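# Remarks on the overall topology
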Amino acid sequence: MSQYFARTLLVLFVVVMMVACGQPGQLGLEAPAVGLLSTDDGGNTPEPVPEPVIEQQIKNCRSLAASGKLQIKKQSIRFEDTRTESGRSKVCEFSRDENQSFLENLTQLNEYLRARYTQTSTIDIPAGAVICDMDIESPEQNFNYDDIFFLSFNNQILASNHSKQIKEVISAETIVHSGTGRNLAFYEYDWLKVRNTMFKNVVNDFCLGGEQGLSNCQWPVTQEFGKIKLNFDSEILTRLGARAIGTKQVLSFVITGDNDPDSDCYHQRLDLNLEVKYYIP
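The following refers to the structure shown. Note that this is a predicted model, so its numbers are computed, not measured.

Take the layout of surface pockets next. Gaps between atoms show up when a probe of the same size as a water molecule is rolled over them. Of the volumes computed, that of the second largest pocket is approximately 240 Å³. For the second largest pocket, the lining is made up of 19 residues, of which Gly-128, Ala-129, Gly-241, Ala-244 and Gln-249 are closest to its centre. Counting residues per element, the ones that place at least two in the lining of the second largest pocket are β2 (115–123), β3 (130–137) and α6 (234–241). Residues belonging to the lining of the second largest pocket are distributed by class as follows: 10 nonpolar, 8 polar and 1 charged.

Our focus in this paragraph is the pairing of β3. With 6 of 8 residues buried, β3 is to be regarded as a mostly interior element. Here β3 runs beside strand β14 (residues 270–279); their pairing, made up of 7 bridges, is antiparallel. Each bridged residue has a counterpart across the sheet, and for Met-134 the counterpart in β14 is Val-276.

Before going further, it helps to examine the sheet that holds strand β5 (residues 149–153). In space, the 5 strands of this open sheet follow the order β2-β12-β5-β6-β9, with antiparallel pairing throughout. For this open sheet the edge positions go to β2 and β9 (206–207), each flanked by a neighbour on one side alone. Here β2 runs beside strand β12 (residues 249–257); their pairing, made up of 9 bridges, is antiparallel. In the strand pairing of β12, Ser-121 is matched with Leu-251. Where α6 meets the sheet, its contacts fall on β5, β6 (156–160) and β12, and the angle it forms with β5 comes to roughly 75 degrees.

Opposite charge on two side chains permits pairing when their charged atoms draw close. All chains considered together, the criterion is met by 14 salt bridges. Here Glu-235 and Arg-62 are joined by a salt bridge, their closest N and O atoms 3.1 Å apart. Residue Glu-235 is found in helix α6, and its partner Arg-62 is found in helix α2 (residues 51–66); the two are separated by 173 residues along the sequence. The class for Glu-235 is buried, based on a relative accessible area of 4%. In the salt-bridge network here, residues are joined through shared partners; they are Glu-51, Arg-62, Glu-235 and Arg-239.

Analysis parameters
Residues numbered from 1 in each chain as written. Predicted model: local features only at pLDDT ≥ 70, side-chain atom pairs only at ≥ 80, totals over all residues. Heavy atoms only, no water. 1 Å grid on protein atoms, 1.4 Å probe; cavity = no way out; pocket = protein on both sides within 12 Å on 5 of 7 lines; lining within 4 Å. Points joined across faces, edges and corners; volume = space filled by probe spheres on them. Helix = DSSP H or I, 4+ residues; strand = E, 2+ residues; numbered from the N terminus. Nonpolar A, V, L, I, M, F, W, Y, C, P; charged D, E, K, R; others polar. Buried < 20%, exposed > 50% of the residue type's maximum accessible area, 1.4 Å probe, protein only. Pairing = 2+ DSSP bridges. Contact = heavy atoms within 4.5 Å. Axes fitted to C-alpha atoms, helices over the stretch in contact; angles between N-to-C directions. Salt bridge = Lys/Arg side-chain N within 4 Å of Asp/Glu carboxyl O.

Here's what the structure looks like:
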């Protein structure tokens, strides 16, 4: 066998083995699409701030708030109507192949989370600022969406209508609330973990701190109209603010779909008025 022929056979063997070892269900080099705007769709947790540092930040917040020395930033953010923003009448981008995902979305299947549309917005405060409190208010507006949503702050779930499933598939990080001594469960949003979980059009609300009486949330059941109101405990927001994505404080809104392209991954325009109280170390 000639040296050239042997070398050719070796190259062909390596190529065949690389193809054979490919993983089904994932597309390789996928281009980003409209609706996948999140800087982090789960699985990239920033380095945690040490607990003693956070506890000192909480104390500083309380002291500065008592003396009226916190800085205040008012900002309006908009999660645009998803049909308007995407330019598509059918917002969800489902896979068409049972054996392969498309942009980490799956094929259509009734009552299961199969595809999602993600929107993000950055809170406009200086890099390194410590958030002490943040009022989140929605103007009086009827809000309609389909199917399941996840509102996250720095990739930690603040609110969702998928509570039971979140607790089943995402490992909780338990935090002791210094103000009350109560345990709080933080859940990091991760699409690949919540994907393909089942849902029903019933009340299944998750509001971070709600079970402990620290926060209050209100929104309509999926496919119905209603008001959205959100109020979260200040210490919770300080702890989540310490998990900035890079140097940015990020709010994200994810809306999902199961099997109805005409309505899935849709929500009306959602305007949120923020009043952020912070200090710069």
